Amino acid sequence: MSVKLGFDDISIRQDEWHLVQQDRDSFLQELTAKRHRDAYQYWLTRSPDNGLPAREDLDPVDIHKLLPWINLVDVVREKGNVRLRQRLIGTGLVQRFGRDATGAWFDDIYHPDYLQDHCHLIREVAETGLPSLTRIRYPDQEKRHVIYTRLMLPLASDHKTTDMIMQVMVFD
């Protein structure tokens, strides 16, 4: 049974800001958190020329310090629609958000208002194949705002079409 988070008495302020990679050097300069810089530089080393890295190109041993703060999201394309599923949620994120939604579809676990505010940014990364950085406010289980910055890095099993997004979170 899935439970949707209700936000009837709390305002959702999604994007404090949102930045999409235009060129690799200037995007790297915008990454002020070491965790984001490390993840982005690793992603770049695994990216083939003119393509995106696949999940199989990443070795968890290489990024073991990042693992608690990584969220992998499946991008599933069906009949012209894009659905999102939580593939993996790091232990640090589970602790911080107060639940483990690994394996769940976004539309089964999130409130429609959150889906509208949140998922368009993930879909943007899926469609463009460009990394992005977003500062977000999200209500936790106690309906307090958690503020974090999320780096989204596209992955593609064919090195072209995004089918997974690696998100790396840094909390205030």
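Nothing here was measured: the structure is a model prediction, and the numbers come from that model.

About the criteria used
- Residues numbered from 1 in each chain as written.
- Predicted model: local features only at pLDDT ≥ 70, side-chain atom pairs only at ≥ 80, totals over all residues.
- Heavy atoms only, no water.
- Phe/Tyr/Trp six-rings, centres within 6.5 Å; stacked < 30°, edge-to-face > 60°.
- Lys NZ or Arg CZ within 6 Å of the ring centre and 35° of its normal.
- Core = buried A, V, L, I, M, F, W, Y, C linked by side-chain atoms within 4.5 Å.
- Buried < 20%, exposed > 50% of the residue type's maximum accessible area, 1.4 Å probe, protein only.
- Helix = DSSP H or I, 4+ residues; strand = E, 2+ residues; numbered from the N terminus.
- Salt bridge = Lys/Arg side-chain N within 4 Å of Asp/Glu carboxyl O.
- Polar contact = N/O pair within 3.5 Å; in protein donor to acceptor, adjacent residues only side chain to side chain.
- pLDDT = per-residue confidence, 0-100.
- Contact = heavy atoms within 4.5 Å.

1. Some thoughts on the packing of aromatic side chains
One pass over the structure, following the stated rule, counts seven aromatic pairs. Taken together, the aromatic side chains of W69, F97, Y148 and F171 make up a single cluster linked through ring pairs. The ring of W105 is capped by R83, whose NZ or CZ atom sits 3.9 Å from the centre of that ring.

2. Observations regarding the nonpolar core
Membership of the largest hydrophobic core comes to 26 residues, with the highest contact counts inside it found for L84, F97, F106, Y138, Y148, I165 and F171. Among the elements of the structure, β2 (70-78), β3 (81-89), α3 (91-97), α4 (106-109), α5 (112-128), β4 (132-139), β5 (145-155) and β6 (164-171) are those that each provide at least two residues to this core. If you tally residues by element for this core, the top one is α5, at six residues. Listed in part, the 20 residues of the second largest apolar core include L31, Y42, I70 and L153.

3. Details of unusual backbone geometry
Leaving glycine out, the prevailing phi sign among residues is negative, and the prevailing peptide bond configuration is trans. For N50, which is not a glycine, the phi torsion comes out positive at approximately 55°. Counting through the fold element by element, N50 comes out in the loop between α2 (34-46) and β2. Unlike most non-glycine residues, K79 shows phi in positive territory, near 50°. Relative to the assigned elements, K79 resides in the loop between β2 and β3. Overall, the relative accessible area of 85% leaves K79 in the exposed class.

4. Observations regarding the pattern of salt bridges
Scanning all chains against the criterion turns up seven salt bridges. One salt bridge in this structure joins D74 and R85, with 3.2 Å as the shortest N-O distance. With D74 in strand β2 and R85 in strand β3, this pair connects stretches of sequence that are 11 residues apart. Residue D74 is classed as buried on the basis of its relative accessible area, which comes to 5%. For R85, a relative accessible area of 23% corresponds to the partly exposed category. The salt bridge involving D74 is made with R87; its shortest N-O contact spans 2.9 Å. Taken as a pair, D74 in strand β2 and R87 in strand β3 lie far apart in primary sequence, 13 residues in all. Take R87: its relative accessible area is 44%, and that puts it in the partly exposed class. Where salt bridges share partners, they join D74, R85 and R87 into one cluster.

5. Comments concerning the side chain of T162
Along the chain, T162 falls in the loop between β5 and β6. Judged by its relative accessible area of 2%, T162 falls in the buried class. Of note is the side chain of T162, whose polar atom sits 3.4 Å from the backbone oxygen of A126.

6. Side note on the confidence of the model for the protein
In this model, the protein carries an average pLDDT of 85, and 87% of its residues clear a pLDDT of 70 or more. Segment residues 1-15: pLDDT under 50, and 42 contacts once partners within four positions in sequence are set aside and those in other chains are kept.

7. Structural notes on the environment of H18
Locating H18 in the fold gives a position in strand β1 (residues 15-20). Ignoring sequence-local partners within four residues, the contact set of H18 consists of L121, E124, S132, L133 and T134.

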